[in-house]
Amino acid sequence: MDRVPQIIEGFTHTEYLTVFSAIIFGYVGAEYFQGWGSLIRNRKNVKVYWQHTLWTIFAFTLFIQNWWGIWPRIALINENIFYFFYSLVPIFLFYTISVILFPDFKKVDEEIDMQEYFYQNSRYLFGLFSLYFVFTIVSSFVYPDIGNVLVQNLIRTLGVLLAAGAAYFHKNRTVHVIFLVIGYIALMMFFLALPT
């Protein structure tokens, strides 16, 4: 049986697979922009909640960091189809997070209180964050990682614990403010642990 060529007219198989990933990443990124756009367009019917807004920014920043961080892993998606499927898992998680963060404005005719919406969905949101951080820890062993992996995994473990705690205390507003501050600090520390 003939082996499938790795390059067809200068276009590698890795580039071919990366194009698909980039399209999916772009679609998920558009979900965040569409959500923020809907909040602005429907501002007369939406009671904005500052904590919800900051969590949407946090989630999007984490999403962008994920895109930044997969660069050294891209070559591996061509190794076998399981690496490729595995590489799509965080994109799916961020899509699900975006769906939970933003209401479907097409189905709502009355005023939306984003504070109420946030706390109704916070258990799912933080459960997904926790799952994402567990996934990133596992990924550091699945893929050869770059930078200070020990520090990165310590920060990821903190993320798992914080997100699980936030999911457990999903109605406690004070806890959410504390977790929000710690989450942003941890994200900045993680950025500093990444190689330049």
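As the structure is a computational prediction, the values presented were derived from the model and not from experiment.

Trainee: Outline the environment of Ile97, supporting the account with residue identities and numerical values.
Mentor: Its location among the elements puts Ile97 in helix α3 (residues 81-101). Separated by 44 residues in sequence, Ile97 and Thr53 place their C-alpha atoms 13 Å apart.

Trainee: Provide a residue-level description of the packing of helix α1 (residues 13-41) against α3, including the pertinent values.
Mentor: Across the interface, α1 lies against α3 with an axial gap of 9 Å and an inter-helix angle of 10°. As the angle between them shows, α1 and α3 are arranged roughly parallel. Within the contact between the two elements, α1 uses Leu17, Phe20, Ser21, Ile24, Phe25, Tyr27, Val28, Glu31 and Tyr32 and α3 uses Phe84, Leu88, Ile91, Phe94, Tyr95, Ile97, Ser98 and Leu101. Residues that form the contact of α1 with α3 fall into these classes: 14 nonpolar, two polar and one charged.

Trainee: How would you summarise the packing of helix α2 (residues 50-69) against α3 if you had to cite specific residues and measurements?
Mentor: Packed helices, taken two at a time, are described by their axes: the angle between them and the distance between them. Between α2 and α3, the shortest axis-to-axis distance is 11 Å and the interhelical angle comes to 165°. Here α3 runs roughly antiparallel to α2, going by the angle between their axes. The crossing of α2 and α3 is left-handed. Contacts from His52, Trp55, Thr56, Ala59, Leu62, Phe63 and Asn66 in α2 reach Pro90, Phe94, Ile97 and Leu101 in α3.

The rules behind these values
- Residues numbered from 1 in each chain as written.
- Predicted model: local features only at pLDDT ≥ 70, side-chain atom pairs only at ≥ 80, totals over all residues.
- Heavy atoms only, no water.
- Helix = DSSP H or I, 4+ residues; strand = E, 2+ residues; numbered from the N terminus.
- Axes fitted to C-alpha atoms, helices over the stretch in contact; angles between N-to-C directions.
- Parallel < 35°, antiparallel > 145°, perpendicular 65-115°, else oblique.
- Contact = heavy atoms within 4.5 Å.
- Nonpolar A, V, L, I, M, F, W, Y, C, P; charged D, E, K, R; others polar.
- Left-handed = near helix turned anticlockwise from the far one by under 90°.

On their own, these measurements won't tell you what the molecule is for.
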